[in-house]
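Chain and residue survey
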Amino acid sequence: MKREEKFYLIRSDILPESIVKTIEAKKMLESGEVDTVNEAVDRVGLSRSAFYKYKDGIFPFNSMMSETIMTITFALEHTSGYLSRVLMYMAEQGGNVLTINQTIPLQGIASISMSVDMAHTKVSSTEFLDGLQQIPGVRRAMIVGRG
């Protein structure tokens, strides 16, 4: 029987030193500042055993918010500048485009699928989608996934 995972939101200033150092070491490894676990733990003053004990249980808060990635598909008129307007709108709302896939336009309409990081958007996903549909050239838009 699998144990249910529980998560807690804890201020960093009350965490034990070994956990804070594990977080620092993970950041160094992820950013490429260091190449090996040995280098990371030496720099932060942590034992390898402590690092391995905690590393799989510590995540930055925003990495736990996977629902912030939304996949949107829409039909766009094949006219110069329309995709640019869509991208500008997404940027203005705080969305960060992760992927774009576009088909060759058929009968003047291109089918586009985008994955967008919604973590820093100024509006809800519903308002975001409504705004997207108001852009000239967008024939229809819908959310096809989150994750």
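Anything mentioned here points back to the structure above.
What this report covers is the structure whose coordinates are included nearby. (Residues numbered from 1 in each chain as written. Predicted model: local features only at pLDDT ≥ 70, side-chain atom pairs only at ≥ 80, totals over all residues. Heavy atoms only, no water.)

So, the overall build of the chain
Rules: Numbering of helices and strands runs from the N terminus; a helix is a DSSP stretch of H or I covering at least four residues, while a strand is a stretch of E covering at least two. In this treatment the radius of gyration is a C-alpha quantity, and the globule benchmark scales as 2.2 Å times the residue count to the 0.38 power. For every residue, the accessible area (1.4 Å probe, protein chains only) is compared with the maximum for its type, and the residue is labelled buried under 20%, exposed over 50%, or partly exposed between those bounds. Here, residues are in contact when the closest pair of their heavy atoms is within 4.5 Å. With residues, only the protein chains shown are counted as cover, and all accessible areas are computed by Shrake-Rupley using a 1.4 Å probe. Counted as positive: Lys and Arg. Counted as negative: Asp and Glu. His and the chain ends are not counted at all. A single reference atom marks each charge: NZ on Lys, CZ on Arg, CG on Asp, CD on Glu.
Counting secondary structure elements, the chain contains five helices and four strands. Each helix (α) and strand (β) of the chain, taken in turn from the N terminus, gives the series α-α-α-β-α-β-β-α-β. Over its C-alpha trace the chain gives a radius of gyration of 21 Å, far above what one expects of a compact globule, namely 15 Å for 147 residues. Burial status across the chain gives 30% buried among its 147 residues. Long-range contacts, defined here as pairs at least 24 residues apart, represent 63% of the contacts in the chain between residues at least 6 apart. Surface summary for the chain: the accessible area is close to 10100 Å², and the carbon and sulfur share equals 52%. With 16 positive and 17 negative side-chain charges, the chain shows a spacing of 4 Å between the two charge centroids.

Quick look at the pairing of strand β2 (residues 96-102)
Inclusion rule: Only strands joined by at least two bridges in the DSSP assignment are considered to pair.
Relative to strand β3 (residues 109-117), β2 runs antiparallel, the two being bridged by six bridges. Looking at β3, one finds that Q102 is bridged to I112. Joining the antiparallel neighbours β2 and β3 is a turn of six residues, in which Q107 adopts a positive phi near 55 degrees.

What about the pattern of salt bridges?
Put simply, the rule is: The term salt bridge refers to a pairing of a side-chain nitrogen on Lys or Arg with a carboxyl oxygen on Asp or Glu at a separation within 4 Å.
Going through the model one piece at a time under the given rule, you end up with five salt bridges. One salt bridge connects R43 with E33, and the closest N-O pair in it is separated by 2.8 Å. Here R43, found in helix α2 (residues 37-44), pairs with E33, found in the loop between α1 (17-31) and α2; they are ten residues apart in sequence, far enough to count as distant.

Comments concerning α2
Each turn of an α-helix holds 3.6 residues, which means side chains three or four residues apart point in the same direction. Put simply, the rule reads: This arc is taken over the directions from the axis of the helix to the C-beta atoms.
Within α2, the full set of buried residues consists of V37, A40, V41 and V44. The buried residues of α2 occupy one face: seen down the axis, they fall within an arc of 90 degrees.

Some points on the side chain of S125
Mapped onto the elements of the fold, S125 is located in helix α5 (residues 125-133). The contacts of S125, once residues within four sequence positions are left out, are M70, M118, I143 and R146.

Some points on unusual backbone geometry
With the exception of glycine, most residues fall at negative phi, and the peptide bonds are largely trans. Residue Q107 is not a glycine yet carries a positive backbone phi of 55 degrees. Within the fold, Q107 resides in the loop between β2 and β3.

Looking at the sheet that holds β3
Selection rule: Only the stretch in contact is used when a helix axis is fitted, and all axes are lines through C-alpha atoms; the angle between N-to-C directions ranges over 0 to 180 degrees.
Taken in spatial order, the four strands line up as β2-β3-β1-β4 in an open sheet, and their pairing is antiparallel. Each edge of the open sheet is held by one strand with a lone partner, namely β2 and β4 (138-146). Between one strand and the next, the sheet's axes are offset by a mean angle of 20 degrees, whatever the strand orientation. Sheet topology places strand β1 (residues 69-77) next to β4; seven bridges connect them, and they run antiparallel. Its bridge partner lying in β4, I72 is registered against I143.

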